[in-house]
Amino acid sequence: MIRIFRWLVRLATVLIVVMVAGLALAYYFASRSLPDYNAQATVARISAPVEIVRDNANVPHIFGDTDADVYFALGYAHAQDRLWQMTMLRRTAQGRLSELFGLRTIGIDEALRRFDIYNLAVASVAAQDAQTTTALNAYSAGVNAWLTEVNKGALGRGAPEMWLFNHAIAPWQPADSLAILKLMALQLSSQLENEVLRARTSLIIDDDRLRDIMPDDPTDGVAALPEYASLFPDVPAFTPDMRMAYDPLSPIKPRALAGASNAWAANPTRSATGATLLANDPHLGLTAPTIWYLARMELTTGGVIGATIPGMPVILSGRSTDLGWGLTSAYVDDQDVLIEEVNPDNPDEYRGPDGWVPFRKRDSIITIKDAPAITLRLRWTANGPVMPRSQFDLGTITPSGHVAAVAWSALSDRDTSMSAAMSIMAARNVDDAIAAGEDFIAPAQNLTIADRNRIAMKTIGALPARDADHQTKGRMPAYGYLPQNRWQGRFPYSDNPEFVNPDGGIIGNTNNKTVDRPFPNHVTYDWGDTQRINRWRRLMQAREVHTRDSFIEAQQDTVSFTARTLLTLMGADLWYTGDPAPEGTPERRRQIALDLLSAWNGEMNEHLPEPLIYAAWVREFQRRLIRDELGPLAPAFIHPDPVFIERVLRDVDGAAIWCDVIQSAPQETCTEIARQSLDDALIWITENHGAAIEAVRWGDAHQAMHDHPVLGQAAFLNWVVNIRQSTSGGDNTLQRGKTIGTGPAPFGNVHAAGYRGVYDFADPDSSVFVTATGQSGHPLSRYYDNLGTLWRRGEYIPMSLDPDLARAAAVGVTRLIPAD
């Protein structure tokens, strides 16, 4: 027995030593790709020495003799810190994820191949202006210079992920940068999904109830649309979902998680310092690392500083000494689904306005890891690429003998959006920036700008010109062969909404409706916000003049206008009612919850129980309202819609009928549904967060989920690469933290402001910015999450163009020396 014990001890010792040695070896190889910021490298393709000064937050400040040299160094810095992220963005745009991830990503690759985003980017390179072409070429050379350093110095393959997913890295090309911008357009688009869902829902419920569950902005006046069933009578009332489950690697986000953002500005009359102010916080899916990367470039026209996306040589939101600019998603209706009839006698033809027309076709081969390659037959009609029935649930609304084509403004082979973005960055005043936006195609954005004296907002991006007689006004799929359903080019740029130096002195956008125009000049029917705008308007009007700090306060505001509105209605017949009940009973829990909510001001504070009670209640309330009417389609509406719920509770146009369970004999009231849904919510809370209702924390349920897109679900590694933070805010607060809406953690914060910036032109160097994680994409770097704690606490770092300040506490200075 003693001998066995000794052998067991020896075996355990050996196993421990092997494990420790294995971990040490893994750490050694992974850490090889950590860049040395205090280094000197001799590189080709620059004309003079360049310095990359990294300040104490690891933000690179780039100084060079020429603009081309500066863009070169930006590419070099991006590749140092985010090489894996850049290559993944490029691979996604190319539709080549399956080469690394196998069958898991076939659906993603197929969608990207059919949209043909990368080839359109390649064709668009020739359309760029001279300064952008120079920047793209220099930036690509900088990325490739770092790849050379990695190969020459055996620097861990450039990123630790490369050890797990070994693949050759092709040299960076200008088209790669353009493809990433097109990829962002796909990520920010939700109009296609809205069209499909509206059509599916209309097959189940009547038009009045459709206006409830998919409501327009309450101030809209919309003409009646034809029933989808009358356009396509052969489509069954309900077809099960056909699309693949959502994958974090996919750029095609659920419609509730498409782009969102806030931006506002004050002119000198509304500023305490007599100079302009601007704030911007674009919202995208949270990832580790964040999509944003802070940088400063000293160009021949002056310094620019702000937020970049690795892979693109442009500051998308930021400032120079004279101009600040920010972006918010404009929600332009720039996508249409066209149903194309296939010739029954020749499947290679579809019906056009004047008869049968051949599809444009091309084969594309997808290489798959550990599986045979597959060949896709790509097809296009005059309206756009043909998408398979499995994508976007198109098969649920496409009749037999037909296919669905997608018209989308981003599918341009002469896309000059990058040139426009570069020109905006170089602009020196409001007029120049507005003029520069004319060449921007997609993704459509509201550009908020401020020079030292004026402010403005302009929608940039192509607005499709539709026929006034379009059958569905672009809100649902329509026949592609009918001329009135086809796009007629784009509206002139002068038709895009524009607001310059308004009399009130304040301008802003929370993705809310900006104009109220009749179709086809409407911009969109599906605006991105009906709630945050109310809170923003109140905060802006509460002060006669604003300061940088008041703009920060608004950016960090967590009071929910929605909660204040809906709780008043949901609890109208429940407040201070009910008989006394002993501890531990459902009735007692309900009374405790109602007492807490009755004294709550709507602040979605991470330390309070009330936000969780409210969020769970309103979620259960909507579920009870829709599950009988919509049946198996109900899971498509996982996020509570405040306008829908308010319509029901106020009985707008008979909407209170949703409270009656149609399968039951009694007629239920909204008060009963409110009480039952509150009990549902409290049961869920006690099962998941403890029985003491008054002790639960919103922040425990509403954790910011910065997950690594590839390794975030891998056992053990997810503890290293994922970042979790308790956060305040919610779906409809200015400090927006959109919840995932489903799964075991339905209130997890997955979509928020990955970048925040506030620019003050009274003292430009007092401007501030921050990102949600950190500068580095390397999990072993101390800069992987160095900004995350500041972001969570609502703090910022200086956004200064003062070179001495950058050098004063620099964590490193990289010197690039031109090769002989």
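These numbers were taken from a predicted model, which means no experiment stands behind them.

(A) Layout of the sheet that holds strand β20 (residues 498–500). Read across the open sheet, the 11 strands follow the order β1-β29-β2-β3-β6-β7-β8-β9-β17-β18-β20; overall the sheet is mixed. Lying at the two open borders of the sheet, with one neighbouring strand each, are β1 (40–43) and β20. Strand-to-strand twist of the sheet, defined as the mean angle between neighbouring strand axes without regard to direction, takes the value 15°. Its contacts with the sheet put helix α2 (residues 67–94) on β1, β2 (50–54), β3 (60–63), β6 (293–299), β7 (302–308) and β29 (812–818), and the angle it makes with β6 is roughly 160°.

(B) The arrangement of helix α9 (residues 191–202) in detail. When the terminal C-alpha atoms of α9 are compared, their 16 Å separation across 12 residues agrees well with the 16 Å that a helix rising 1.5 Å per residue should span. Most of α9 is tucked away, with 12 of its 12 residues classed as buried. Among the residues making up α9, those that are buried are Q191, L192, E193, N194, E195, V196, L197, R198, A199, R200, T201 and S202.

(C) Structural detail: the environment of A295. Counting through the fold element by element, A295 comes out in strand β6. Here A295 falls in the buried class, since its relative accessible area comes to 0%. Separated by 504 residues in the primary sequence, A295 and M799 have C-alpha atoms spaced 9.6 Å apart. Residues contacting A295, with those up to four places away along its chain left out, are V59, P60, L74, V304, I305, G306, T308 and I315.

(D) Broad picture of the pattern of salt bridges. Evaluated as defined, the whole model comprises 46 salt bridges. A salt bridge links R807 to E51, with the nearest nitrogen and oxygen atoms 2.7 Å apart. Within this pair, whereas R807 is found in helix α24 (residues 803–808), its partner E51 is found in strand β2, the two being separated by 756 residues in sequence. Across the salt bridge formed by D393 and R200, the nearest N and O atoms sit 3.3 Å from each other.

(E) Structural view of the packing of aromatic side chains. Scanning the model with the defined rule gives 16 aromatic pairs in all. Aromatic pair Y350 and F359: ring centres 5.0 Å apart, planes at 40°, arrangement tilted. For Y350, a relative accessible area of 4% puts it in the buried group. The rings of W84, F101 and F165 are connected pair by pair, giving a single aromatic cluster. Directly above the ring of Y481 sits R351, whose terminal nitrogen or CZ lies 5.7 Å from the centroid. The positively charged end of K458 is found above the aromatic ring belonging to Y493, 4.4 Å away from the centroid.

Cut-offs applied
Residues numbered from 1 in each chain as written. Predicted model: local features only at pLDDT ≥ 70, side-chain atom pairs only at ≥ 80, totals over all residues. Heavy atoms only, no water. Pairing = 2+ DSSP bridges. Helix = DSSP H or I, 4+ residues; strand = E, 2+ residues; numbered from the N terminus. Axes fitted to C-alpha atoms, helices over the stretch in contact; angles between N-to-C directions. Contact = heavy atoms within 4.5 Å. Expected span 1.5 Å × (residues − 1). Buried < 20%, exposed > 50% of the residue type's maximum accessible area, 1.4 Å probe, protein only. Salt bridge = Lys/Arg side-chain N within 4 Å of Asp/Glu carboxyl O. Phe/Tyr/Trp six-rings, centres within 6.5 Å; stacked < 30°, edge-to-face > 60°. Lys NZ or Arg CZ within 6 Å of the ring centre and 35° of its normal.

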